Amino acid sequence: MREFTLHRTSGALSRHSVAHLHRTIRLAAVTALLAVGLPHLVHAQNPLVIKIKSLGASAIAPGFSGFNVPQPRNGVEFYDPKFVAAATPLRAGWVRYPAGTASMDFDWTTGHTNIAWMNSLIGGNPPLVTGVPASILSVSQQLTQAKGGDAFSDFAAFASALKAAAIICFNSYTDTNPGSATQMALAAQSYGLKVVDWELGNEAYFYPSIYPAAATYAAASNSYFNDIVAGAPAATVGLFTAGWYPGTAGCPAAPQPCYPNWDSGLSGYTPQYWNAASNHIYPIVKNQNTQNTILALNGVLASGSSDYINSYLVPLVGTNTPIYITELNCCSQDNNVFLTYIYNGIFLAEYIARLSLVPNVKGVGVNSLYTDNYDNHGLIQSVNDYESYLLAQVAANPDFSTNTAADPNTQFQFYTSAPGLAMQVANIAVNSGVKLWPTTVTGGPTVVTSGFSGNRMLAVYAQTYVAASGRHYLLITNKSSLSQTATIYLGASAVQGTLNLIFVSSSSPSAANAAQTPNNVQIQTTTSSNPIQLAPYSVTTVWW
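About the criteria used
- Residues numbered from 1 in each chain as written.
- Predicted model: local features only at pLDDT ≥ 70, side-chain atom pairs only at ≥ 80, totals over all residues.
- Heavy atoms only, no water.
- Pairing = 2+ DSSP bridges.
- Helix = DSSP H or I, 4+ residues; strand = E, 2+ residues; numbered from the N terminus.
- Buried < 20%, exposed > 50% of the residue type's maximum accessible area, 1.4 Å probe, protein only.
- Contact = heavy atoms within 4.5 Å.
- Right-handed = clockwise from strand over helix to strand, strands pointing away.
- Core = buried A, V, L, I, M, F, W, Y, C linked by side-chain atoms within 4.5 Å.
- Disulfide = S-S within 2.5 Å.
- Salt bridge = Lys/Arg side-chain N within 4 Å of Asp/Glu carboxyl O.
- Phe/Tyr/Trp six-rings, centres within 6.5 Å; stacked < 30°, edge-to-face > 60°.

A.B. asks: Quick question: what am I supposed to make of the sheet that holds strand β29 (residues 538–543) here?
C.D. replies: In sheet architecture, strand pairing relies on hydrogen bonds along the backbone and comes in two forms, parallel and antiparallel. Pairing is antiparallel across the open sheet formed by seven strands, whose spatial order is β5-β18-β22-β23-β29-β26-β27. The sheet is open, and its two borders are formed by β5 (58–59) and β27 (523–528), each paired with just one other strand. In this sheet, strand β18 (residues 435–437) lies alongside β5 in antiparallel orientation, the contact comprising two bridges. Along β18, the bridge assignment pairs S58 with L436.

A.B. asks: Help me understand helix α6 (residues 180–190), please; the structure alone is not making it clear to me.
C.D. replies: Helical geometry: 3.6 residues make up each α-helical turn, so side chains three or four residues apart lie on a common side. Listed in full, the buried residues belonging to α6 are S180, A181, T182, M184, A185, A187 and A188. Turning to α6, the residues buried within the fold contact β7 (94–97), α5 (152–162), β10 (165–170), β11 (195–200) and α7 (214–231).

A.B. asks: I tried to follow the environment of C251 on my own but got confused; where do I start?
C.D. replies: Inspection of the secondary structure puts C251 in the loop between β12 (237–240) and α8 (260–268). By relative accessible area, C251 is classed as partly exposed at 23%. The sequence separation of C251 and A161 amounts to 90 residues, and the corresponding C-alpha distance is 40 Å. Setting aside residues no more than four positions away along its own chain, C251 makes contact with P246 and C258.

A.B. asks: Help me understand the pairing of β11, please; the structure alone is not making it clear to me.
C.D. replies: Of the strand pairs in this sheet, β10 and β11 are connected by five bridges, and their pairing is parallel. Paired with I168 across the strands is W198, a residue of β11. With respect to chirality, the unit in which β10 leads through α6 into the neighbouring parallel β11 is right-handed. The pairing of β11 with β12 spans two bridges and is parallel. Note that in β12 the partner of W198 across the bridge is V237.

A.B. asks: Teacher, can you tell me more about unusual backbone geometry here?
C.D. replies: Leave glycine aside and you will find that most residues have negative phi; peptide bonds, for their part, are mostly trans. Of note, the bond from Y97 into P98 is cis; its omega dihedral lies within 30 degrees of zero at -5°. Looking along the chain, the bond that leaves N125 and enters P126 is cis, with omega of 5°. Position of P126 among the secondary structure elements: in the loop between α3 (115–122) and α4 (131–146). Despite not being glycine, R91 has its phi angle at roughly 55°, a positive value. Even without a glycine there, the phi angle at K163 is positive, about 55°. Take K163: it is sitting in the loop between α5 and β10.

A.B. asks: Is there a simple way to think about the nonpolar core in this case?
C.D. replies: Nonpolar side chains in soluble globular proteins generally cluster together in the buried interior. Within the largest apolar cluster, 136 residues are counted, with the highest numbers of intra-cluster contacts made by F152, F158, I309 and Y351. Of all the elements, helix α11 (residues 342–355) adds the most residues to this core, at 10 residues. Those residues within four positions of F152 in sequence are excluded, and the remaining contacts are Y97, W108, I168, M184, A187, A188, Y191 and L193. I50, V441, V460 and L534 belong to the second-largest nonpolar core, a separate cluster that totals 19 residues.

A.B. asks: Just to check I follow, could you spell out the state of the cysteines for this structure?
C.D. replies: Linking two cysteines covalently through their sulfur atoms gives a disulfide. With the rule as written, the count across this model stands at two disulfides. Two residues share a disulfide in this structure: C251 and C258, whose sulfurs sit 1.8 Å from each other. Across the disulfide from C251 to C258, rotation about the S-S bond amounts to roughly -60°, and the bridge is consequently left-handed. By sequence-ordered numbering of the bonded cysteines, the protein has its disulfides arranged as 1-2, 3-4. You can see C169 has no disulfide; the closest cysteine sulfur is in C258, sitting 19 Å from it. Take C169: its relative accessible area is 2%, and that puts it in the buried class.

A.B. asks: Please clarify how the pairing of strand β6 (residues 65–68) should be interpreted in this entry.
C.D. replies: Remember that side chains alternate between the two faces of the sheet whenever the strand is regular. Examined bridge by bridge, β6 and strand β15 (residues 361–367) share four bridges and lie parallel to one another. Bridge pairing in β15 links S65 to V364. Relative to β7, β6 runs parallel, the two being bridged by two bridges. Paired with F67 across the strands is V95, a residue of β7. Since β6 and β7 lie parallel, the crossover through helix α2 (residues 81–87) that links them has a hand, and here it is right-handed.

A.B. asks: Help me out: how do you make sense of the pattern of salt bridges in this one?
C.D. replies: As a working rule, side chains carrying opposite charge can pair if their charged atoms are close by. In total, this model carries eight salt bridges according to the counting rule given. Of the charged contacts, one joins E327 and R96 as a salt bridge, the two residues approaching to 2.8 Å between their closest N and O atoms. With E327 in strand β14 (residues 323–328) and R96 in strand β7, this pair connects stretches of sequence that are 231 residues apart. Per residue, the accessibility class of E327 equals that of R96, and both read buried. When the shortest N-O distance is used, the salt bridge between K479 and E350 registers 2.9 Å. Of this pair, K479 sits in the loop between β23 (472–478) and β24 (484–490) while E350 sits in helix α11, placing them 129 residues apart in sequence. For the pair K479 and E350, a shared accessibility class is recorded, and that class is buried. What you see here is one network of salt bridges that share partners, running through R73, D334 and D375.

A.B. asks: Just to check I follow, could you spell out the packing of aromatic side chains for this structure?
C.D. replies: When we look at a pair of aromatic rings, we describe it by the centre distance and by the angle of the planes. Using the criterion set out here, one finds 37 aromatic pairs in the structure. Taking 5.7 Å as the distance between ring centres and 50° as the angle between the ring planes, the aromatic pair formed by F170 and Y224 counts as tilted. Residue F170 is found in strand β10, and its partner Y224 is found in helix α7; the two are separated by 54 residues along the sequence. Assessed through its relative accessible area of 3%, F170 is described here as buried. Centre to centre, the rings of Y245 and Y308 are 5.2 Å apart; their planes meet at 75°, and the pair counts as edge-to-face. Of this pair, Y245 sits in the loop between β12 and α8 while Y308 is found in helix α10 (residues 306–317), placing the two residues 63 residues apart along the sequence. The exposure classification of Y245 matches that of Y308, with both residues buried.

Structure below.
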């Protein structure tokens, strides 16, 4: 399907182009329904209204929306200027170091995998870590060697360039260097790095050979907590709850926890010395067709987002405990192509917006900012990831090391995926906000959901963020194939004046960017009076 184009006249839409836009959108919507055969849309004749109230405002943590940045798992340098240029528009509120799984044997003092630590995990009989995690550890060792490591100082400079805070996932599995966590906390301060949260033992519930029970994990993590707060007395330090969506097959369907004994064991452990909670969310664990994935994600948005946090996590971790979702994506399988679709971007933007309303949640981060070409989780992708070249060099010479930012053999060319563009649009609103204003949507079409109650939900969702300057940012998602005319009210009155819109959209929920077609999905901007036009399958930020 072709993308529609906005025609401008002196910075605003001309009457001719508005009419053309309406005809084009409606034609694309009808064509999409006939071609794709999506039965989940229900037409509604009642007008679409977005109502904003200034009363009942609530706070949002600064830089709420962030990204996991697992650089040990790829060949890109933190200081590659092309990577920094690609990452900057996504407006990260925070970035996570060094990674999730790849943190398990990572030595922050060298920026490399400690081979002895790695072997203690994957080389035993039987090994403590097997399968995909073991492969990740092995390949990460080779890639960090090939590019000269992922230095903490380089990460700090990267975060500074993005004007982002940091979340640090500390290696509490194998780091036996005396006082290592204290020294890292002090180093972070010396680099001017704002660390909003520390995590201990990434996804510890997956490794019963290391931690047979949550109590074992909590006891083993205590000394690392003490070391962190020795260097940073006000530090927020979290342990991992498994929850509903850990991203592994064989779990009961939500709203049931995957590892109930782990979660209840951690909740009941005493003393509860830690002061935060970490959680990862991957609702889809097996590849399935596009339509079924959409319906399942709609159900998660409707009943498994803020409801999940409020009904399950908060009672477990405590009403005053900050929660950080440090990995979020639709799907856990690296090769799931749905990860690249625009509908995944709609899901991510709306899920983050819904969680921003939960007072306990202080940050949500998409996994990942960048990944290699096998792994579709990356919001930023490269035409060539050069991993075959780098791994071959290390295989021939284990001491091989190069600067991939300067090496003529590894000149990365980056592009942003459709979900990455959706997050770029969403973060303009989310990460500008210091206050949330209550926002409701009435009217418009509904879409079908699966799982949970199976009830239909409104196709359009909206949330208002107010910046310190007083500027209003309204984030809107449209999960339907139809364009919508939406009237925005602030209090009892329709918003007046010129409204600025930035959005990403497609007539197809499976629209994606690829190395051969990196601009298939693009961000568009326009201005409008009220009411506004919402494009099909879109993420839009409106500001005034």
